[in-house]
Each structure stands twice: as structure tokens, then as C-alpha cells.
Amino acid sequence: MATAESSRSSAAARTSAPPPPPLGVRRSSPRCEHCDQAIPIERCDAVAEQQFCCDGCRIVYAMLKQHALAGYYDHAVGAKRPALATGRDYAEFDDPSFLSLYASKRGDEQTIELLLEGVHCAACVWLVEKLPELVPGVTECRLDYARRLAHVSFRDGGDQPTRNADGRAAAPAPGAAMTHPSAIAQTLDRLGYPPHPHRDGERARLQRREERDLLTRLGVAGASAGNSMLFALALYSGGFADMEAGQMRYFRALSTIAALPAVFWSAQVFYRGALGAVRARRPHMDLPLSIGILLGVTWGLANLLRGVGEVYFDSLSTLVFVLLSARFLQVRQQAHAERAAGSALALAPRTARQLDSADTARLVPAESVQRGARVEVLAGDVFPVDGVVESGDSRVDTSWLTGESAASHARAGSAVFAGTTNLMGRLVVAAEQSGAETRAARLWRDMERASARRAPIASVADRASAYFLIGIVLLAGVAFFAWLHAGVGVAVQVAIALLVVTCPCGLALATPLTVSAALGQAARAGWLIKGGAALEALARPALIVFDKTGTLTFGQLSLMRWFGDASLGPQIKALEAASSHPIARALVLALADVKPALATDVVQRLGRGIEGRIDGHAVCVGAVLSVQQPLPAWAETALAELASEGLTPVLVSVDGLVRTVLGLGDPIRPEAAVLLAQLRERGHRLALLSGDRASVVDHVVCELTRASGRESLFATAEGDVGPEGKLAFIEAARTRGNVFMVGDGVNDAAALAAASVGIAVHGGAEASLEAAHVFATRPGVKPLLELVDGARRALHVIYLNLGFSLVYNVVAASLCLAGAVTPLWAAIIMPLSSLTVVSHSYHRRMFGKRS
Amino acid sequence: MSVLFVAIPAALAVALSGVIAFLWAARTGQLDDLETPALRMLHDESSPPPPKRESAPAATGS
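Residues numbered from 1 in each chain as written. Chains lettered and ligands numbered in written order. Predicted model: local features only at pLDDT ≥ 70, side-chain atom pairs only at ≥ 80, totals over all residues. Heavy atoms only, no water.

### Describing the overall build of chain A
In plain terms, the rule: Helix and strand assignments come from DSSP, with helices taken as H or I runs of at least 4 residues and strands as E runs of at least 2, each series counted from the N terminus. Relative accessible area decides the class of each residue, using a 1.4 Å probe on protein chains only: under 20% of the type maximum gives buried, over 50% gives exposed, and in between gives partly exposed. In what follows, a contact means two residues having at least one pair of non-hydrogen atoms within 4.5 Å. Here, Shrake-Rupley sampling with a 1.4 Å probe gives the accessible areas, and only protein chains in the shown set may cover a residue.
When helices and strands are counted, chain A shows 28 helices and 27 strands. Looking at the 851 residues of chain A, the share that counts as buried comes to 48%. Sequence-distant contacts in chain A: of pairs separated by 6 or more residues, those separated by 24 or more amount to 69%. Looking at chain A as shown, the accessible area adds up to about 38,500 Å², and 58% of this sits on carbon and sulfur atoms.

### A closer look at the overall build of chain B
In terms of helices and strands, chain B carries 2 helices and 0 strands. Burial analysis of chain B (62 residues in total) assigns 18% to the buried set. Carbon and sulfur atoms provide 68% of the accessible area of chain B, an area that totals close to 4,500 Å².

### Re the pairing of strand β22 (residues 657-665) of chain A
Residues and elements named next belong to chain A. For clarity, the cut-off: The criterion for strand pairing is that DSSP finds at least two bridges linking the strands in question.
In terms of burial, β22 is largely enclosed, as 7 of its 9 residues are buried. Judged from the 6 bridges that link them, strand β17 (residues 558-564) and β22 form a sheet pairing that is antiparallel. Within β22, the position partnered with Gly564 by the bridge is Thr660. In this sheet, β22 lies alongside strand β21 (residues 648-654) in antiparallel orientation, the contact comprising 7 bridges. Across the sheet, the residue bridging to Pro649 is Gly663, located in β22. Hairpin connection of β21 to β22: 2 residues between the antiparallel strands, including Asp655 at a positive phi of 55°.

### Quick word on the nonpolar core
Residues and elements named next belong to chain A. Short version of the rule: As used in this record, nonpolar core signifies buried Ala, Val, Leu, Ile, Met, Phe, Trp, Tyr and Cys residues forming a set joined through side-chain atoms within 4.5 Å.
If you look at the biggest cluster of nonpolar residues, it comprises 55 residues, and the most contacted ones within it are Ile529, Phe546, Leu676 and Phe714. The biggest single contributor to this core is helix α27 (residues 781-817), with 10 residues. Those residues in contact with Phe546, other than ones at most four positions away along the chain, are Thr551, Leu552, Leu676, Leu679, Leu686, Ala687, Leu688, Leu689, Phe714, Val742 and Leu784. The next biggest cluster of nonpolar side chains, apart from the first, holds 46 residues, and it includes Met63, Ala150, Phe154 and Tyr193.

### Let's talk about the side chain of Thr553 of chain A
All names here are of chain A. Note the threshold: Residues adjacent in sequence count toward polar contacts only when both atoms are side-chain atoms; beyond that, a polar contact is any pair of N or O atoms within 3.5 Å, and within protein one must be able to donate a hydrogen and the other to accept it.
Mapped onto the elements of the fold, Thr553 is located in the loop between β16 (543-546) and β17. Judged by its relative accessible area of 0%, Thr553 falls in the buried class. Polar contacts involving the side chain of Thr553 include one to the side chain of Asp666, which spans 2.8 Å.

### Some remarks on the sheet that holds strand β9 (residues 386-391) of chain A
Ordered in space as β7-β6-β8-β14-β9-β12 (chain A), the 6 strands form an open sheet in which the pairing is antiparallel. Both edges of this open sheet fall to β7 (361-365) and β12 (415-416) of chain A, since each of them pairs with a single strand only.

### As for the sheet that holds strand β18 (residues 600-605) of chain A
Residues and elements named next belong to chain A. Selection rule: To get an axis, fit a line to the C-alpha atoms, keeping to the stretch in contact for a helix; angles then go from 0 to 180 degrees between the N-to-C directions.
Overall, antiparallel pairing links the 6 strands, which are arranged β17-β22-β21-β20-β19-β18 in an open sheet. Looking at the sheet topology across the chains shown, the edges are occupied by β17 and β18. Taking each pair of neighbouring strands and ignoring which way they run, the sheet shows an average axis angle of 15°. When strand β19 (residues 609-614) meets strand β20 (residues 617-622), the two strands line up antiparallel, connected through 6 bridges. When the bridges of β20 are listed, Ile610 appears paired with Val621. Contacts from helix α19 (residues 569-576) reach β17, β18, β19, β20, β21 and β22, with the element oriented near 115° to β19. Against the sheet, helix α21 (residues 633-645) engages β17, β21 and β22, with an angle of about 10° to β22.

### Quick word on the packing of aromatic side chains
Threshold: Ring pairs shown here join Phe, Tyr and Trp side chains whose ring centres sit within 6.5 Å, with only the six-membered ring taken for Trp; geometry is labelled stacked below 30 degrees between planes, edge-to-face above 60, and tilted in between. Charge-over-ring placement is defined geometrically: NZ (Lys) or CZ (Arg) within 6 Å of the ring centre, and within 35 degrees of the ring normal.
Using the criterion set out here, one finds 5 aromatic pairs over all chains in the structure. Ring geometry for Phe231 of chain A versus Phe251 of chain A: centroids 6.3 Å apart, planes at 50°, classification tilted. A residue pair is termed long-range when its members are at least 10 positions apart, and Phe231 of chain A in helix α8 (residues 202-240) and Phe251 of chain A in helix α9 (residues 245-266) qualify at 20 residues. Residue Phe251 of chain A is classed as buried on the basis of its relative accessible area of 8%. Put simply, the rings of Phe231, Tyr250 and Phe251 of chain A together with Phe5 of chain B pair up and form one aromatic cluster. In this structure, Arg217 of chain A is placed above the aromatic ring of Trp265 of chain A, and the distance from its NZ or CZ to the ring centre is 4.6 Å.

### Some thoughts on the side chain of Ser708 of chain A
Structurally, Ser708 of chain A can be placed in helix α23 (residues 694-708). Given the relative accessible area of 14%, Ser708 of chain A is considered buried.

### Examining the pattern of salt bridges
The test is simple: Basic side-chain nitrogens of Lys or Arg form a salt bridge, by our definition, when they fall within 4 Å of a carboxyl oxygen of Asp or Glu.
Within this structure, the stated rule accounts for 17 salt bridges over all chains. Between Glu129 of chain A and Arg40 of chain B there is a salt bridge, with its nearest N and O atoms 2.7 Å apart. Pair noted here: Glu129 of chain A is in the loop between α5 (122-128) and α6 (131-134) and Arg40 of chain B is in helix α2 (residues 36-40), and the two residues belong to different chains. You'll find Glu129 of chain A and Arg40 of chain B in the same group, each marked buried. Glu376 of chain A is the partner of Arg353 of chain A in a salt bridge, and the nearest nitrogen-oxygen pair spans 2.9 Å. With a gap of 23 residues between them, Arg353 of chain A in strand β6 (residues 351-355) and Glu376 of chain A in strand β8 (residues 374-377) connect regions that are remote in the sequence. With relative accessibility at 29%, the residue Arg353 of chain A sits in the partly exposed group. One continuous salt-bridge network, built from bridges that share partners, spans Arg208 and Arg212 of chain A together with Asp32 of chain B.

### Concerning the packing of helix α15 (residues 456-483) of chain A against α27 of chain A
All names here are of chain A. To keep things clear, this is the line we draw: Any angle that falls under 35 degrees is termed roughly parallel, while one over 145 is termed roughly antiparallel, one within 65 to 115 roughly perpendicular, and all others oblique. Basically, the charged four are Asp, Glu, Lys and Arg, the nonpolar ten are Ala, Val, Leu, Ile, Met, Phe, Trp, Tyr, Cys and Pro, and anything else, Gly included, counts as polar.
Interaxial distance between α15 and α27 falls to 12 Å at its minimum, and their mutual angle equals 5°. Taken together, α15 and α27 sit at an angle that is classed as roughly parallel. Within the contact between the two elements, α15 uses Ile457, Phe468, Leu475, Ala479 and Trp483 and α27 uses Ile798, Tyr799, Asn809 and Leu817. Of the residues in the contact of α15 with α27, the class split is 8 nonpolar, 1 polar and no charged.

Take it as geometry only, folks, not as evidence of what the structure does.
This is the structure in C-alpha cells:
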């Protein structure tokens, strides 16, 4: 559609240049060829065949066409997004220390793993895996979609590549078919997937090994159980017809042999668990299971040799297989949830500017900086390592790490930490700790460890299941002796059946399973929740403390009121277009459809505004101070009105006289009031603590209370609250009950950590992410409501599972004691109950449908 | 029925080779990523790329 329209207009342009559309008149905007977003009129090229919203999209489109990869658009139906390219040259990827850290060599090929941003659909997988066609020298590229990891194998070109004038790696000589990591990174970046080097941490490696081990045992158990059951079927059907004794023996032996791998190798997972339980003197679910299996094995072997009685190996191997699959699912789900929570990119930068003996800076991976090496940190950079300042004078923003909102002074001898920001001047730092040893990395590990703490309800379930298990083993012993009068065979059968059929799955299995399923669902729906404890706390009513910006409001300065001369749009835009001040950005956004006038001599004065000459007049857009006093009456009224609404005034004057008064503010989200009322109905109390002026806070509270239709909405509302004030309030409130804190400012980090549940809202600094228990990727009040509801649902699921498990165990145990259940039935029923509980936990929608 | 004494061990041998193949696949990491193959299934085989302007041979992945 877009192509047809633009080709029509471009055809018209070529034949007879049509007049440009009148100012301010909207026509349906053309859409970007690559990402399908609407393009504002000024960015359109009147003669171009195809339109693009940004250079990134144009470059990707050109690349795809050049390499005949336009099939991308067929795959990307419905999922198009603008290209994320950063345009970096990735020179540090060619440093020898980079390869030694991140690459593995096999033959003459190197393989690196790159974590990619911007991967969001199947088309991305298709495109990334076409890398060998785009970069000669790359032999293979495979993308692990779930982990956003690209495995790239390439032939290393060895020396530094020759560089073009613009710093990009020059194309390799024809016939060479070799490449460099920087060329690979640049291509991925241009395609819209900025790469970051990745190396599996020790923990990830161990996790992968554990998963692989479990999968292997699972597969073998499956093959074993299937074959064993097939042979046992022959026995069952032979039991009705006549079967020769010799054949019976043959099939019994076959059934046994087929089951041996499952029972002796795959089941080691349970035996190890049971042994661990015995050694630690803590009951574990694996204990009665192992006892039951081993009892069945012993008795079955005995019966096989004797030639009479039951051989249970089909049941036992099936039991092992099904239980292992449940365990495998659980382990994978947990790993997924953990990965989703930890996928925020590094706190500290990946590269450092290391100074060599001649004091020239070289970009190296931050992890490779040795103790004592000298690192240069420029103004605005984030410190890559922990260390001591050698020379320079600057101020450092450590707020997210230490909670101090005031920047600290850094001079020779001061300690600085990775992840904090150097604000003012160049510093040379002698490195002390780098990589995983920095204070930031240790903090991250502590948070991970804290998040692994179990939810309180899970701990209760654990204790209950411990008592349960002891009880079952004792009960089995009692049952054995009680049935002995009917023969050893029968007694053994009853005991095995009892040990196998009873299962604290609702307790020990379902609760952690539900928690990790809930966490996984929440992560997919946009909330990264750290740990089951936070999930459980979210399900209870609490005092919810809001920080105004970003949750109740949009968090962006916008033009809200306009008094006076309405024709000055072009002039305002002319002056504000070049500035990056938030006020300027807000004005330019509001005047998007307006064509700017021509301005000369534009000067920006700090604290006063921007002035310039337009059409022979001196025009100024700025603060009240910039205008001639006294102001006309209408302007004074306007200013008073703005002050009462808590808006920031901006005055536009021509030749010194005020012509227009603008009011800028942060608009309240329209749906906030209703949702807040709903939160109240669910039993939560609300509070508003903001660093903003008290007048603004009062205005917001009034607006929201009025719109919600309730008598009162907020229990407390205060303005001019600093981070220490928020922290004090939260700590005091915690002594009286549950407290949730919702905030996104860097200042809120300490308060977020102090609350029962700290919820960091997107748009805030990484600081909030590290201190908070929940990270909400979608801003606003609606996600908050959904979050709380989802946590409640998760808790209900847990209770339901517990109830089901209780009923099941009572019924099954009774039937076993009455002698009505054979081990075969037990082996079928018990996994069924496990699977019921497991699938209930996984498939139950606790958090959000895809919006 | 004595054919069973031959047939069954033969069947078990086939099953065993299947298990060995599975073990090899798991050990070489082919089963680590179970999600991306589901996405790759949807991709069509693209037509071979046009001859490059440079004389470097095109290294195509699958």
C-alpha cells in the first residue's frame, strides 16, 4: 500500500511539481519500507520511491536487497520493528585479549558467542543465520532464540584489518574468505542487532551440564521403559491364552533386562537424592521412591530366578521415566525463569580504555584489565573497573550503588567503583578489581542469591512434606507386617504399592513448580520478578507507595496549556529545534506538524531560554526572568493559573513583549484514576511520595481523586520528599505491615530495597533494577494491577494443588492398605497425579494474556 | 516361535543403536536448544544468492 501511494506521488512529482501540502494539514503518513512505522512529513523525501523512518532502516533494507534477502519481509509479517543499529565500529573486538577471553578455536576456525539485542521474532533467526552470506569468512552462524545468543564460526584473518577512512573494516581481499570479529559485529549491528560478547559463567556451564545429564538419563529411561513394557504386554496377553513355560521365562527375562538401564542408571538421580537425604538427616521425596524402586527390583529379580510371582520391571521403569520427565521440565523451567530475570545487560561497561606506557588509550574488554593497570575514564563514561584514582578531578554519581543522590568528589586517592558514572572530567584510575570481582558484580550475585531464597509458603510445604515422608515409610513398614499373614509376596506388594503411590507432589513438587511457572509467565508478560518470596508478598494486601513520575504520569514533559498569541508556532519551533533540553523536546514534539520559520543568531542562555532573530524581530522563548517586567495582566493571570496546576511556565516574547504563555507539565495517565480505585477495592492502601514540588503533588492527587469517583484515594501524599525521606517512610511503614514501593528514579533505589516488594518501572535507571524485587517493563498503573492479580492467582494455584494432593494421597493410601492396588497400578497412578499437578501449574494462566 | 530368539535380540540391537544415537546427540549439544529449531522449521529455502561482485566465493550456510 505504501509503495503504491509513494510511487503515485513520486510520479506526480516528476511530471509537474505539485505545491507542498498546506502547513498543518495531515494526510495519511507514508510508512517506512522496513519497519512499517508511520513517518512524520518532514522526514519524507518527496521524490524517493521508498520511504524510511531512519537511517538504520534504510541501511538494513539496502543490505537485504543487495544480498537478495528480501525474503525477510515474508517471514517478518506482523512483527516489524525499527532497526536498532548503533553504528559503533567494535574495534575492541579485534584486540588479542578479546579473542583469548571470548573465542574458542577448533582447527583454523574460531567460534564466538554474541548476545544480540533486538531479536524478537522468527524472521530475526532467519536473518541472523544468513550471516555467512553477508560476511565472507563466516562459516556458520546459529542463533539460540531463547537465549538471544548467536554462535558464529569464522576463519580468523589474524592481523588487524585495514581500515577505511570512516573507521570501518575494509572488505577483505578477493579470494581470502577470512574475516575479523569487528566485521562480524559491525554487520550484525547494521542489521539491527547490536552484539555484546558473551561467555558462559561457571554457573551457566554447570546448569547446562546438569540439564544435559538429566536429558540423557531421561531418554535412556524412556527407551528402557518402552521396550520393557512391550515385552510385558506379551506376558499380559499370554496370561489369558496359553503360553509355554519356556516362553514365559524368556519374556520375563527380556522385560527385566530391558528395564535395567532405567532402574540402575537413570534412577541414580533419585538414589543420589535419597542418599543425600539420609546423610543430611532431612527427609526428601526421593527417599520412599528409592526404597520402593529398590524393593521392587530385589523382589522382582528374586521372582525371576524363582520362576514364580510378579516381575515388576515394566512398572518400575515407566515410573522412573515419567518422574524424570517431570523433573527435567522443572529444571528447565527454573533455568528459563532465572535467565529471564537476569537478562538485563551488564551493569558495568564491557570495554575499558587502558593506558599503556606511552599513555595512549586502547580499548580492551573490561574483564581483562589486570590489577595495577591504568585505565582512562572520560567525562560521561561509566567506570569499567573498581580502583583508585591516580590523577584528575571530577565528580562521580554513585547513587545506584550507595544510595547517595549527591555526586561525590573524586580526586587522587579516592576509591571508585565499576558501574558508577564519571560526571565532569577525565580521570586516570589504577585498577584494583575487574570483571566478576567488582563490587557491582558481587552485589549482583548477592541479589541472585537472595532471589533464590524460597517463598515462605514453599518452606512450609517443605517441612510438611518432610513429616509426610517419614510417615509414609513408617506406614509402609506397618502395612508389610500387617499383611504378612497372607504371604511374603502379598506383603511386599502392598509395601511397594504404598511407597510408590503416595507422593507429596502437591507439597514438594507443585509449589516450587508453580512458583517458577508463575515467574516464567510473568517474565514473558513483562514483569521480571526476582524470587518466590516477592511473588508471595505481592499476593497480600499492602500499602502501595507511588513515585509520581512514570507510573501515575507519563514521565515526560509535554505542552499542556497555551495562552495568548496562537500564531507563534513556527517561531517557537525555529528556536527550540536545535536544543536537547527537555523543554525544547517537548515543544518540538507538540509542534510536529508545524514548519519552522527561519531564525538567525540563535543563542541559548542557561537558565533564561533561547533567543534569536526571526523576520527582523528579536524573539525569545524562555523563563519568566527573560521577559521585560512588569507583565501584562493576562500574562499574570495565566502564570497564576499555571502555578495552581503545578505546571512550568514558558514565555514567548517578541522584541521584549510577552505574546504567548505556555504551560508544560507531566500529564497524568488517563486510566490511572480508575485503576487506582480498583486497587483500593482489592484491599490495598495508597500513598504518594514524590520529589516533585508539593503544589504539583497536590494537583495530581486532586485530579486523581476527582476522576476516580471515590471520597479519598491516597492515605498519604507528600511532595519535596528526598530519597532519605522515602527510605524513612518505607521503613516506618514496614513495621506496620506489607509495603510495596513503585518507583523509577535513581533516587528510589534504597527505598525500593527496603520495601516488602520494590517494583521498578521501565524508564528508570539500571539502579532501580538492581535494588528492586520486581522490574516492570511496561509503565503505568495497569501493569501493576495485573501484577498483583497474577500473584494472587499464583497463590490460589498453589493452594489448589495442595488440596488435590491431600485428597489424592488419602484415597490412594487407603486403597493400598486395603490391598486393592498392585504396584503396576501404583506406578501408573502416581505419575498421573504428579503430571496432573505439574500440568496444572504450567498451563494455568496466572499472568497476562498477550496484549 | 523359535524365530523370536533371533528376532527379539535383533530388535533390541536396533533399539540400542537408537539410544546410542540419542546419547551422541545429547553429548554434542544438539539437544541443548529445543526452541529455535521450531522457528527454523518455518523458514523456506532461499534461492541461491546472486553472484558476488568480488570474486570471493560465497560461503553459504544452510
